[in-house]
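Here is what each chain is made of, one letter per residue.
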Amino acid sequence: VMFNSRKRLGVLFSFISLLLLGFMPIISNSRPLHISALNFALYLSIWQLIFSTPVLLIELRSNNKGIFAADLSDRLKRKTAIIILITGAMFGISTFAYVLSMEKAGSVGAAIALQAYPLFAIILEAAFLKKKKRLNELFFTMILIIGLFYLVTQGTWQIDELSIWFGLALCVPLIWSIAHISLREVLNRTPITPVQVTFFRVLISSIIIFSISFTVHGLDEIINPLRNSTFQVFASLMGLVYYLELISWFYAVRHIDVSLASSITTPWPIITMVLATIFLHDSIESYQIIAMLLVIMSVYGILYSGRRNSRLIITNN
């Protein structure tokens, strides 16, 4: 397949996103675990904000001022602000759920569970956007459900083996799906840039997680990690990698179809699995490998079926 320069750039950003996604669970679980997942989520969000601010300022000094120079109606401004606030809060909660599920469910299991994103996207698009799915897409969706059920029951198929932490991991792609569907309107109807979307996302996430941590732990527990240099190294590294992944993904889908970008990033749990055995000395169970293969096969099937069905609709019209 030959790509023009624009598509080659999109493919490159997708591969960068793939590698970063594979590393993120390893960084999260390599931190000093005696400091709570909530405070790790807070500090990685703060570091994301630190990294994103100069990038935003550089963009604003250029000719691309995006949403700040847009001539929008008052109604659209209010709607945009509300969507950004709500989705920012959702991303904040999902960041905490991501860190906690990686810690409790294990980097490999949680990474596979996060692949449920297409399942929730299909359900939400059918419910709210009235997008009907064809039989082939539903078939691969069923395989995805089977693979995830096999994973969360730890290969036993028994309900009593259901892990609450895998359930928490499944909440992360659910929140992502809702937030991304909500943000799509903002991205389509306003000239907001990927840099600006990311900045507002991490700003609101930091405020939300700080508020939760302050309520749960108090100010002393928030300040104490500042004295732990090892913790801050991992928090800053996680914040940097997470921020670069967000930017890479937004620029990838700007140059190529979401389906192509998604198909490139789909195998990232394999990278996590290899890295987890090397750096975390995790033991990989056979049921995790089987579940991963089922999930990856079904995600590719959903993506392929979606592209094929879209072409059929265009041809018939």
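Right above here is the structure, for reference.
Calculation notes
- Residues numbered from 1 in each chain as written.
- Predicted model: local features only at pLDDT ≥ 70, side-chain atom pairs only at ≥ 80, totals over all residues.
- Heavy atoms only, no water.
- Helix = DSSP H or I, 4+ residues; strand = E, 2+ residues; numbered from the N terminus.
- Rg over C-alpha atoms; globule rule 2.2 N^0.38 Å.
- Buried < 20%, exposed > 50% of the residue type's maximum accessible area, 1.4 Å probe, protein only.
- Contact = heavy atoms within 4.5 Å.
- Areas by Shrake-Rupley, 256 points an atom, 1.4 Å probe, with all protein chains shown as cover.
- Lys, Arg positive; Asp, Glu negative; His and termini not counted.
- Charge placed at Lys NZ, Arg CZ, Asp CG, Glu CD.
- Phe/Tyr/Trp six-rings, centres within 6.5 Å; stacked < 30°, edge-to-face > 60°.
- Lys NZ or Arg CZ within 6 Å of the ring centre and 35° of its normal.
- 1 Å grid on protein atoms, 1.4 Å probe; cavity = no way out; pocket = protein on both sides within 12 Å on 5 of 7 lines; lining within 4 Å.
- Points joined across faces, edges and corners; volume = space filled by probe spheres on them.
- Nonpolar A, V, L, I, M, F, W, Y, C, P; charged D, E, K, R; others polar.
- Patch = residues over 30% accessible without salt bridge, like charges linked within 9 Å, V, L, I, M, F, W, Y side chains within 5 Å.
- Salt bridge = Lys/Arg side-chain N within 4 Å of Asp/Glu carboxyl O.
- Expected span 1.5 Å × (residues − 1).
- Bend = angle between axes of the 7 residues up to and from the residue.

**Q** Even after reading the chapter, I still don't get the overall build of the protein chain, so can you show me in this structure?
**A** A count of helices and strands for the protein chain gives 13 helices and 0 strands. When the elements of the protein chain are put in sequence order from the N terminus, they spell out α-α-α-α-α-α-α-α-α-α-α-α-α. Its C-alpha atoms give the protein chain a radius of gyration of 20 Å, within 12% of the compact-globule value 20 Å for 317 residues. A burial count over the protein chain gives 50% of its 317 residues as buried. When contacts within the protein chain are restricted to residue pairs at least 6 apart in sequence, those whose partners lie at least 24 apart make up 86%. Of the roughly 15800 Å² of accessible surface on the protein chain, a fraction of 67% belongs to carbon and sulfur atoms. Distance from the positive charge centre (24 side chains) to the negative charge centre (15 side chains) of the protein chain: 14 Å.

**Q** Explain the environment of Leu226 here, please?
**A** In this structure, Leu226 sits in the loop between helix H9 (219–223) and helix H10 (229–255). Here Leu226 falls in the exposed class, since its relative accessible area comes to 53%. Expressed as a C-alpha distance, the spacing of Leu226 and Leu100, which sit 126 residues apart in the sequence, is 20 Å.

**Q** What is the right way to look at the packing of aromatic side chains in this model?
**A** Two aromatic rings are characterised by how far apart their centres lie and by the angle between their planes. Within the structure shown, the criterion is met by 10 aromatic pairs. Between the aromatic rings of Phe40 and Phe231, the centroid separation amounts to 5.7 Å while the plane-to-plane angle is 75°, which identifies the pairing as edge-to-face. Of this pair, Phe40 sits in helix H2 (residues 37–61) while Phe231 is found in helix H10, placing the two residues 191 residues apart along the sequence. Cluster of aromatic residues (ring-pair linked, three or more members): Phe40, Tyr43 and Phe231. Its end group placed over the ring of Phe40, Arg31 keeps NZ or CZ at 4.9 Å from the ring centre. Across from the ring centre of Phe91, 3.6 Å away, lies the NZ or CZ of Arg201, which sits over that ring.

**Q** Sorry, what's going on with empty space enclosed by the protein here?
**A** Rolled over the atoms, a probe with the dimensions of a water molecule shows which regions are left empty. A complete count under the given rule lists 3 cavities of 30 Å³ or more for this structure. Counted as a void, the largest cavity has a volume near 70 Å³. Listed by contribution, the elements that provide at least two residues to the lining of the largest cavity are helix H3 (74–105), helix H7 (164–189) and helix H8 (194–216). Here the lining of the largest cavity gets 4 residues from one element, more than from any other, and that element is H3. Here the lining of the largest cavity is composed, by residue class, of 7 nonpolar, 2 polar and 1 charged.

**Q** What is the right way to look at a nonpolar patch on the surface in this model?
**A** Judged by side-chain polarity, Phe210, Phe214, Leu219, Ile223 and Leu226 come together as a nonpolar surface patch covering roughly 440 Å² of accessible area. Mapped by element, the contributors of at least two residues to the nonpolar patch are H8 and H9. With relative accessibility at 32%, the residue Ile223 sits in the partly exposed group.

**Q** Please clarify how the pattern of salt bridges should be interpreted in this entry.
**A** Oppositely charged side chains are able to pair whenever their charged atoms sit close together. Applying the stated criterion across every chain yields a total of 2 salt bridges. Taking the shortest distance from any N to any O, the salt bridge between Glu103 and Lys104 comes out at 3.8 Å. What makes Lys104 partly exposed here is its relative accessible area of 43%. Three or more residues are tied together by salt bridges with common partners; here these are Arg31, Glu103 and Lys104.

**Q** In this structure, what is going on with H2? I would like to understand it.
**A** The end-to-end C-alpha distance of H2, which contains 25 residues, comes to 36 Å, matching closely the 36 Å that a straight helix rising 1.5 Å per residue would cover. At Ser52, H2 shows its largest bend, some 25°, and a proline, Pro54, comes one to four positions later.

**Q** Would you take a moment to explain the side chain of Ser248 for this structure?
**A** Following the sequence through the fold, Ser248 ends up in helix H10. Take Ser248: its relative accessible area is 5%, and that puts it in the buried class. Apart from the residues lying within four places of it in its own chain, the contact partners of Ser248 are Phe13, Ile16, Ser17 and Leu20.

**Q** It is not clear to me how the layout of surface pockets should be interpreted in this structure. Could you clarify?
**A** Reported here for the second largest pocket is a volume of approximately 180 Å³. Around the second largest pocket sit Ile67, Ala70, Leu72, Lys77, Thr80, Ala81, Ile84, Leu85, Phe200, Leu203 and Ile204, which together line it. Every element with two or more residues in the lining of the second largest pocket is listed here: H3 and H8. Here the lining of the second largest pocket gets 5 residues from one element, more than from any other, and that element is H3. Residues that form the lining of the second largest pocket fall into these classes: 9 nonpolar, 1 polar and 1 charged.

Structural measurements only, silent on function.
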